[in-house]
Amino acid sequence: MVIANDDGSNVWPGSSWTLFAKDDVGGSLTTGVVNDIRFTLDALPDTESKAGTWILTWTQVGEPGYDLTMDVVAVHKGGNRFASYLFEQETFTGNPTTASGTWQITYTNKGGQIPTLSHLSLYYRNATHSSTSGGGASTGNGVPEPGVLGLLGLGLLGLAVMRRRQVG
C-alpha cells in the first residue's frame, strides 16, 4: 500500500503527531506555535527542486525564560511517497534561533526519473518546557542547540539513502 501524503496519524508509529511547520515547495509555508515558541520551516530549492537548503527558525512569542523539549518527526516527500525521521527529546531554546542544512534527492522513482521535492514537514508530540536562567540561557538540563542542528542535518542527509533502498 502506498500512502501518498503524510498526516499526524501516519508519520511514525505510536501516538498521534501534530504538524507544527511545513513548506510546500513552490507553495505555502505553515508556521506553528508550540508552547509559546513559533516555528517556521523553509525549504529553498536550487535547480529543479532536486536539491537545496532548509532553514528552521524559532522564536519565543509568549512568556520568556524557558526551553521547549519535544519529540520531532521530520518528513521529506518527493514523488508519491515520503520518508520520516524521528528525533526524540529535542530541546529548543526560547531565544530567537535558526538551524539549517542541505537536502538532495538522488534516488529515482519507478519511472526512472529523479522526483522533485513536494514538501518538508515537521510534527511533534510530548512537548514540555523547563525554566531557564539569565534571559533564556540554558540551565544545562537540555540538549544544546548544535545537537538539534546535527540530528536534523543527519536525518535529512539520510533521506537519499533510505529512499533509494525503498524505491529500488
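## Some points on the pairing of strand E1 (residues 18–24)
Strand direction decides the pairing type here: E1 and strand E8 (residues 117–131), joined by six bridges, are antiparallel. Residue Ala21 lies in a different strand from E8, and its bridge partner there is Leu122. Both E1 and strand E2 (residues 29–34) contribute to a ladder of three bridges, which runs antiparallel. Each residue of the ladder has a partner; that of Ala21, found in E2, is Thr31.

## Notes on the packing of aromatic side chains
Applying the stated rule across the entire model yields five aromatic pairs. On the basis of an interplanar angle of 75 degrees and a centroid distance of 5.8 Å, the ring pair of Phe20 and Tyr124 is categorised as edge-to-face. Of this pair, Phe20 sits in strand E1 while Tyr124 sits in strand E8; the two residues are 104 residues apart in sequence, bridging distant segments of the chain. Judged by centre distance (6.2 Å) and plane angle (35 degrees), the rings of Phe39 and Trp58 are tilted. Highlighted residues: Phe39 in strand E3 (residues 37–45) and Trp58 in strand E4 (residues 51–60), separated in sequence by 19 residues. Residues Phe39 and Trp58 agree in their burial class; the two are buried. Through successive ring pairs, a cluster of aromatic residues spans Phe20, Phe39, Trp58, Phe92 and Tyr124.

## Some remarks on the pattern of salt bridges
A complete count under the given rule lists two salt bridges for this structure. For the salt bridge of Asp24 with Lys22, the shortest nitrogen-to-oxygen distance reads 3.7 Å. Given a relative accessible area of 23%, Asp24 falls into the partly exposed group. The partner of Arg125 in a salt bridge is Asp71, with the nearest N and O atoms 3.2 Å apart. You can see Arg125 sitting in strand E8 and its partner Asp71 sitting in strand E5 (residues 66–78), a full 54 residues away along the chain. Like Arg125, the residue Asp71 is buried in the burial classification.

## Thoughts on the environment of Thr98
Among the structural elements, Thr98 can be located in strand E7 (residues 97–104). Taking the C-alpha atoms as reference points, Thr98 and Trp58, 40 residues apart in sequence, are found 6.5 Å from one another. Among all residues touching Thr98, those that are not within four sequence positions of it are Ile55, Leu56, Thr57 and Trp58.

## Observations regarding unusual backbone geometry
Notably, Asn35 is not glycine yet its phi reads approximately 45 degrees, a positive angle. Looking at the secondary structure, you find Asn35 in the loop between E2 and E3. Positive phi, normally seen in glycine, also occurs at Gln89, with a value near 50 degrees. Gln89 sits in the partly exposed class, given a relative accessible area of 42%.

## Observations concerning the pairing of E5
Most of E5 is tucked away, with 13 of its 13 residues classed as buried. A two-sided burial pattern is seen for E5, the buried positions comprising Tyr66, Leu68, Met70, Val72, Ala74, His76 and Gly78 on one face and Asp67, Thr69, Asp71, Val73, Val75 and Lys77 on the other. The sheet contact formed by E5 and E8 spans 12 bridges and is antiparallel. Counterpart to Lys77 in the pairing with E8 is His119. For E5 and strand E6 (residues 81–92), the ladder comprises 10 bridges, and the chain directions are antiparallel. Residue pairing in the sheet places His76 in a bridge with Ala83 of E6. Remark: two residues form the turn of the hairpin made by E5 and E6, two consecutive strands paired antiparallel; Gly79 in that turn has positive phi of roughly 75 degrees.

Each value, and the rule that gives it
- Residues numbered from 1 in each chain as written.
- Predicted model: local features only at pLDDT ≥ 70, side-chain atom pairs only at ≥ 80, totals over all residues.
- Heavy atoms only, no water.
- Pairing = 2+ DSSP bridges.
- Helix = DSSP H or I, 4+ residues; strand = E, 2+ residues; numbered from the N terminus.
- Phe/Tyr/Trp six-rings, centres within 6.5 Å; stacked < 30°, edge-to-face > 60°.
- Buried < 20%, exposed > 50% of the residue type's maximum accessible area, 1.4 Å probe, protein only.
- Salt bridge = Lys/Arg side-chain N within 4 Å of Asp/Glu carboxyl O.
- Contact = heavy atoms within 4.5 Å.

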